[in-house]
Amino acid sequence: METVLPLCGIDEAGRGPIAGPLVMAGVILHAPLVGLNDSKKLTEKKREALYARITENAAYHIVRFSAQQIDDDGISACLAKGLKEIMEVLGEADYLFDGNSTFGVKGLRTQVKADADVPEVSAASILAKVTRDREMVALASTYPQYGFEKHKGYGSAAHIEAIQTHGYSAVHRRSFRLKALQPTLF
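Residues numbered from 1 in each chain as written. Predicted model: local features only at pLDDT ≥ 70, side-chain atom pairs only at ≥ 80, totals over all residues. Heavy atoms only, no water.

Let's talk about helix α7 (residues 157–166)
All buried positions along α7 are accounted for by H159, I160, A162 and I163. Down the axis of α7, the buried set is contained in an arc of 155°. They therefore lie on one face. Turned more than 90 degrees from where α7 packs its buried face, A157, A158, E161 and T165 sit exposed. Contact partners of the buried residues in α7: α6 (148–151). (Buried < 20%, exposed > 50% of the residue type's maximum accessible area, 1.4 Å probe, protein only. Helix = DSSP H or I, 4+ residues; strand = E, 2+ residues; numbered from the N terminus. Arc of directions from axis to C-beta. Contact = heavy atoms within 4.5 Å.)

The following block contains the structure:
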């Protein structure tokens, strides 16, 4: 008889921001959970409630890469390292990563929009986003001049204006070049 491997959904949050970490999560659900969806389609309150339910009803692993690691190694290398770590920690499973690239990592499948269509990937999306958002809110108290609690490190007009006024902080990704900031800071 063939062994059926559990499905492990993997997703990330923070690939595109100009500040803060990249956070990845892998989730194997132990039971179906109602209300799962792509984290971007849920309210903050709903994501927080689901976060608690997911962590109580799943095997999971969360990986974090700092802005410095992203600058030093590159976003693709960080994504590959995160995928490998999740697979190492969670063990034998059928791995499904949201998107269309494996970043050279063997032993996983990809699916575009899996975060909206596959519960395990939705759960990973929620864990990654809530973890990252919490960190950005915490960073806002250390760096109040940037408004991280509002834009979570994405390149909003207010964020770019804050960088133009205050320069970069230790949590900004200097390797992410923005036309609005050139050549003043480079």
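More follows now that the structure is in view.
Quick word on the pairing of strand β4 (residues 94–98)
Counting buried residues in β4 gives 4 out of 5 residues, a clear majority hidden from the surface. Note: strand β1 (residues 7–13) against β4, 4 bridges, orientation parallel. By the bridge assignment for β4, G9 is matched with L96. Pairing geometry for β4 and strand β5 (residues 108–111), over 4 bridges, is parallel. What sits directly across from Y95, in β5, is L108. (Pairing = 2+ DSSP bridges.)

Quick notes on unusual backbone geometry
Of note in the backbone geometry, K113 takes a positive phi value of approximately 65° without being a glycine. For K113, the position within the fold is in the loop between β5 and α4 (114–117). Residue classification places K113 among the exposed positions, given a relative accessible area of 58%.

So, the packing of aromatic side chains
Per the stated rule, a full pass over the model turns up 4 aromatic pairs. Between F97 and F103, the aromatic rings sit 6.3 Å apart at their centres with planes inclined by 65°, giving edge-to-face as the arrangement. With a relative accessible area of 21%, F103 lands in the partly exposed category. An angle of 15° between the planes, with centres 5.5 Å apart, marks the rings of Y146 and F148 as stacked. Through successive ring pairs, a cluster of aromatic residues spans Y143, Y146 and F148. Over the face of the ring belonging to Y51 we find R134, whose NZ or CZ atom lies 4.3 Å from the ring centre. (Phe/Tyr/Trp six-rings, centres within 6.5 Å; stacked < 30°, edge-to-face > 60°. Lys NZ or Arg CZ within 6 Å of the ring centre and 35° of its normal.)

Topic: the pattern of salt bridges
Side chains bearing opposite charge may pair, as long as their charged atoms lie close to each other. The full count for this structure, using the stated rule, is 10 salt bridges. Between D133 and R47 there is a salt bridge whose closest N-O contact spans 3.7 Å. Note that D133 is positioned in helix α5 (residues 119–142) and R47 in helix α1 (residues 44–56), a separation of 86 residues in sequence. For the pair D133 and R47, a shared accessibility class is recorded, and that class is buried. (Salt bridge = Lys/Arg side-chain N within 4 Å of Asp/Glu carboxyl O.)

Here we look at the state of the cysteines
Applying the stated criterion across every chain, the model contains 0 disulfides. Between C8, a cysteine without a disulfide, and C78, which holds the nearest cysteine sulfur, the sulfur-to-sulfur distance is 19 Å. The exposure class assigned to C8 is buried, which follows from its relative accessible area of 0%. Judged by relative accessible area, which is 0%, C78 ranks as buried. (Disulfide = S-S within 2.5 Å.)

A word on the nonpolar core
Ranked by internal contacts, the top residues of the largest apolar core, which has 33 residues, are C8, M24, I86, Y95 and F148. Broken down by secondary-structure element, the contributors of at least two residues to this core are β1, β2 (22–29), β3 (58–65), α3 (75–90), β4, α5 and α7. No other element matches the 7 residues that α3 contributes to this core. If you look at the next biggest cluster of nonpolar residues, it comprises 18 residues, including L36, I54, I126 and L127. (Core = buried A, V, L, I, M, F, W, Y, C linked by side-chain atoms within 4.5 Å.)

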